[in-house]
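# Observations on the three-dimensional arrangement
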Amino acid sequence: MFLQIVGQNQRFCFISGIYYRSVKTIHRYFRIVLKAILKLYKHLIKDPEDIVPAEIMNNRRFYSYFKV
C-alpha cells in the first residue's frame, strides 16, 4: 500500500477500494511505515560526494558549470 501511494501517486481513497480497508486504516498504516523509513534514512540513503570527476575537471567546456 505504501509503495503504491508513494510510487504511483495513488490517493488513499483509491487504495482503500483496492484493499477493502477504510481510508482511516490506510492513513494509519501509511504513517507507521513513513515514520519507520524516516528513522532509517541515514542507513538507507547515502549523501552524494562532492568530488568532481576528472573528465569534467580537465575539460574547460564543462568545468565552468561545476565550480564550487
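See the structure shown above.
Everything in this summary refers to the structure shown in the same document. Bear in mind the structure is a predicted one, so any value in this text is a computation, not a measurement. (Residues numbered from 1 in each chain as written. Predicted model: local features only at pLDDT ≥ 70, side-chain atom pairs only at ≥ 80, totals over all residues. Heavy atoms only, no water.)

## Side note on the packing of aromatic side chains
Per the stated rule, a full pass over the model turns up 2 aromatic pairs. Ring centres of Phe12 and Phe30 lie 5.4 Å apart, and the angle between their planes is 80°; this geometry places the pair in the edge-to-face category. With a gap of 18 residues between them, Phe12 in helix 2 (residues 12–19) and Phe30 in helix 3 (residues 23–39) connect regions that are remote in the sequence. Sitting over the ring of Tyr29, Arg28 keeps its end group 5.7 Å from the ring centre. (Phe/Tyr/Trp six-rings, centres within 6.5 Å; stacked < 30°, edge-to-face > 60°. Helix = DSSP H or I, 4+ residues; strand = E, 2+ residues; numbered from the N terminus. Lys NZ or Arg CZ within 6 Å of the ring centre and 35° of its normal.)

## Re a nonpolar patch on the surface
Taken together, the side chains of Met1, Phe14, Ile18, Tyr19, Tyr29, Ile32, Val33, Ile37, Leu40, Tyr41, Leu44 and Ile45 define a hydrophobic patch exposed on the protein surface, amounting to about 1,100 Å² of accessible area. When contributions to the nonpolar patch are tallied by element, the ones reaching two or more residues are helix 2, helix 3 and helix 4 (41–44). With 4 residues, helix 3 is the single largest residue contributor to the nonpolar patch. With respect to the helices, strands and loops of the structure, Tyr19 is situated in helix 2. Classification of Tyr19 by relative accessible area gives partly exposed; the value is 36%. (Patch = residues over 30% accessible without salt bridge, like charges linked within 9 Å, V, L, I, M, F, W, Y side chains within 5 Å. Areas by Shrake-Rupley, 256 points an atom, 1.4 Å probe, with all protein chains shown as cover. Salt bridge = Lys/Arg side-chain N within 4 Å of Asp/Glu carboxyl O. Buried < 20%, exposed > 50% of the residue type's maximum accessible area, 1.4 Å probe, protein only.)

## Things to note about the nonpolar core
Inside soluble globular proteins, nonpolar side chains tend to come together where they are buried. Phe2, Ile5, Ile15, Ile26 and Phe30 form the largest nonpolar core, which has 5 residues in total. Those elements that provide at least two residues to this core are helix 1 (2–7) and helix 3. Once residues within four sequence positions are removed from consideration, Phe2 is found in contact with Phe30, Val33, Leu34 and Ile37. (Core = buried A, V, L, I, M, F, W, Y, C linked by side-chain atoms within 4.5 Å. Contact = heavy atoms within 4.5 Å.)

## Some remarks on the side chain of Thr25
You can see Thr25 is positioned in helix 3. For Thr25, a relative accessible area of 17% gives the class buried. Looking at Thr25, its side chain comes within polar contact range of the side chain of Ser22, at 2.9 Å. (Polar contact = N/O pair within 3.5 Å; in protein donor to acceptor, adjacent residues only side chain to side chain.)

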